[in-house]
Amino acid sequence: MRALQLSADGAALADVDVPDPGPGEVLVKVAGAGLCHSDLHLMHVAAMVEQPFTLGHETGGWVEAVGPGAEAPPIGEAVLVHGAWGCGRCARCRAGEDNLCPRSGARIGSGLFRDGGLAEYLLVPAARHLLPIGDLDPRDAAPLDDAALTPYHAVKASLPLLVPGTTAVVIGVGGLGHVAVQLLRALTPARVVAVDVDEAKLHLAREHGADMAVAPADDAGARIADVAGELGPALVLDCVGSDDTLALAAAVVSNRSRVVVVGVAGGTLPFSFFTLPYECSIGTTFWGTIAELAEVVALARAGRITVELERIALDGALDAYARLEAGTFGSGRAVAVPHG
Ligand code: NAD
Ligand code: ZN
Ligand code: ZN
């Protein structure tokens, strides 16, 4: 089968064997696999890849074959593959938090130093990672796995802060950010401000309910301060994570604001007691749990969130990554559909 693999030489399409599910494992026929900006970050550190693996950590598909003893949904059932494959035995995994398994190391799961969904078939190590999605099309549902789940996890953790009258700021309204705007609208009464360097992304954010959408160069800091008032934004979700965006976040927060860094652009922010307002917190967020993914699927099935996407052929994935890198991809998510 065809698979988009990452090796020390970079990303390339390869011909690999269709895996056979062993005890407890499940083979999924890939319907759709989303292209995440994180894959670009991985490509930049490809030199550290010792064992080539297939990229793709947001995957929808159909159960194709079930290994001995695996308690899987029936053959042919449409599923999402929750991509964080923890050890299954530690305290985090027992709590369903495979995304925070301390034993995973770099081998986090699907498409993250283990074979992922940018292939015709995906071998899933345990049936507990499969979530049936009912009547959703698994091609279009794929980005729920990360582009929706990651901001959902972050917004859900901040819900107590987002009371009426507060403001939430989303910096970077691409694949993740345009869903973050919708999640904030669906789950909270907060005013939603979107920030992006690309006017098309700002337009999409407005269409999806952002109360204000502004480019950093368009005096974003002052405009955010103006709408958020003296309390400042309750939440800044930074879906870029560069020096510039962290500086913008630090400039607009006030006492007890929360900054959640989603993007892994590698920016830094000096931190000491006096560099941020009192009780302002800043931290990272990482992916989400399969229980939260079920909640995301429920929102999508209810029509409360919609992922803007462009279906592409698996053979077109490298070209789509190049466009994502250049900022010319368009809006929303690219989803590779290996079987059309
Ligand atoms: P994307 O490329 O689809 O979107 C990024 C958006 O940020 C684009 O719309 C771009 O125009 C905008 N942008 C770039 N520089 C900007 C700036 N200086 N100011 C404002 N906007 C700017 O990427 P994505 O797939 O949505 O991923 C976003 C980030 O989140 C990436 O760094 C990715 O690696 C990371 N990510 C993190 C997690 C996690 O668990 N923490 C999960 C998925 C993705
Ligand atoms: Zn991702
Ligand atoms: Zn674990």
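Structure shown above.
Residues numbered from 1 in each chain as written. Chains lettered and ligands numbered in written order. Predicted model: local features only at pLDDT ≥ 70, side-chain atom pairs only at ≥ 80, totals over all residues. Heavy atoms only, no water.

(A) Region of the structure containing the overall build of the protein. Check the secondary structure of the protein and you find 10 helices and 18 strands. Taken along the three principal axes of its C-alpha coordinates, the protein extends 60 × 40 × 40 Å. Looking at the protein as a whole, 53% of its 340 residues qualify as buried. Sequence-distant contacts, at least 24 apart, represent 72% of the contacts inside the protein between residues at least 6 apart. Total accessible area on the protein stands at roughly 14,200 Å², and carbon and sulfur atoms take up 52% of it. Positive and negative charge centroids in the protein, built from 23 and 40 side chains respectively, lie 6 Å apart. (Helix = DSSP H or I, 4+ residues; strand = E, 2+ residues; numbered from the N terminus. Buried < 20%, exposed > 50% of the residue type's maximum accessible area, 1.4 Å probe, protein only. Contact = heavy atoms within 4.5 Å. Areas by Shrake-Rupley, 256 points an atom, 1.4 Å probe, with all protein chains shown as cover. Lys, Arg positive; Asp, Glu negative; His and termini not counted. Charge placed at Lys NZ, Arg CZ, Asp CG, Glu CD.)

(B) Fine view of the coordination of the zinc ion (ligand 3). Bound to the zinc ion (ligand 3) on the protein side are C87 (SG), C90 (SG), C93 (SG) and C101 (SG), at distances that span 2.3 to 2.4 Å. If you look at the zinc ion (ligand 3), its four donor atoms make angles of 106 to 115° with each other, and the shape they trace is tetrahedral. When the donors of the zinc ion (ligand 3) are listed by position in the chain, the intervening gaps give C-x2-C-x2-C-x7-C. Separated by 11 residues along the polypeptide, C90 in the loop between β6 (78-81) and α2 (91-94) and C101 in the loop between α2 and β7 (109-110) bring together distant segments of the chain. Summarising the burial analysis for this pair, C90 and C101 share the class buried. (Donors = N, O, S within 2.8 Å, 3.2 Å for Na, K, Ca; no water. Tetrahedral: all angles 85-135°; square planar, octahedral: opposite > 155°, others 65-115°.)

(C) The arrangement of the sheet that holds strand β12 (residues 191-195) in detail. Taken in spatial order, the six strands of this open sheet run β13-β12-β11-β14-β15-β16, and their pairing is parallel. At either end of the open sheet lies a strand with only one pairing partner, and these are β13 (212-214) and β16 (281-284). Recorded for the sheet is a direction-independent mean angle of 15° between the axes of neighbouring strands. Strand direction decides the pairing type here: strand β11 (residues 167-171) and β12, joined by five bridges, are parallel. Residue pairing across strands places V169 opposite V193, the latter belonging to β12. Across the sheet, helix α5 (residues 177-187) lies against β11, β12 and β14 (235-238), angled at about 165° from β11, the strand it touches most. (Pairing = 2+ DSSP bridges. Axes fitted to C-alpha atoms, helices over the stretch in contact; angles between N-to-C directions.)

(D) Representation of the coordination of the zinc ion (ligand 2) within the structure. Protein ligation of the zinc ion (ligand 2) involves C36 (SG), H57 (NE2) and D146 (OD), the donor distances falling in the range 1.8 to 2.3 Å. Counting the intervening residues between successive donors of the zinc ion (ligand 2) yields the motif C-x20-H-x88-D. Placement of the pair is C36 in the loop between β3 (26-35) and α1 (37-44) and D146 in the loop between α3 (138-141) and α4 (149-157), with a sequence separation of 110 residues.

(E) Focus on the pairing of strand β1 (residues 2-7). Alignment of β1 against strand β2 (residues 10-15), held across six bridges, turns out to be antiparallel. Looking at the pairing, L4 lines up with L13 of β2. The antiparallel hairpin formed by β1 and β2 contains two residues in its connecting segment.

(F) Representation of the site of ligand 1 in the model. In the region of ligand 1, 28 residues are neighbours, and H37, S38, L176, D196 and R333 sit closest. At a separation of 3.0 Å, an oxygen atom of ligand 1 approaches a polar side-chain atom of H41. Within the contact set of ligand 1, a nitrogen atom lies 3.0 Å away from a backbone nitrogen or oxygen of V262. For ligand 1, whose unbound accessible area comes to 870 Å², protein coverage reaches 87%. No other element matches the three residues that α1 contributes to the shell around ligand 1. (Near = heavy atom within 4 Å. Polar contact = N/O pair within 3.5 Å; in protein donor to acceptor, adjacent residues only side chain to side chain.)

(G) Structural view of helix α9 (residues 290-301). Taking 1.5 Å as the rise per residue, α9 with 12 residues should run 16 Å; its terminal C-alpha atoms sit 16 Å apart, in good agreement. Turning to α9, its buried residues are E292, L293, V296, V297, L299 and A300. Projected down its long axis, α9 carries its buried residues within an arc of 160°, all on one side. In this fold, the buried residues of α9 make contact with β6, β10 (130-132), α4 and α5. Positioned one or two residues after α9, G303 has a phi angle of 75°, which is positive. (Expected span 1.5 Å × (residues − 1). Arc of directions from axis to C-beta.)

(H) Structural view of the pattern of salt bridges. Following the criterion strictly, the structure yields 18 salt bridges and no others. K201 is the partner of D198 in a salt bridge, and the nearest nitrogen-oxygen pair spans 3.5 Å. A relative accessible area of 22% means that D198 is categorised as partly exposed. In this structure, the salt-bridge partner of E199 is R206, at a minimum N-O distance of 3.3 Å. (Salt bridge = Lys/Arg side-chain N within 4 Å of Asp/Glu carboxyl O.)

(I) Representation of the side chain of S257 within the structure. Of note, S257 is situated in the loop between α8 (243-252) and β15 (258-261). Ignoring anything within four residues of it in the chain, the contact list for S257 reads L231, G232, P233, A234, E279, C280 and S281.

(J) Quick peek at the packing of α4 against α5. Two numbers describe how α4 lies on α5: the axes approach to 9 Å, and their chain directions differ by 40°. Here α4 lies oblique to α5, going by the angle between them. Crossing angle aside, the handedness with which α4 passes α5 is right-handed. Facing P151, Y152 and V155 of α4, the residues of α5 in contact are A180, L183, L184 and L187. Classifying every residue of the contact of α4 with α5 by side-chain character gives seven nonpolar, no polar and no charged. (Parallel < 35°, antiparallel > 145°, perpendicular 65-115°, else oblique. Left-handed = near helix turned anticlockwise from the far one by under 90°. Nonpolar A, V, L, I, M, F, W, Y, C, P; charged D, E, K, R; others polar.)

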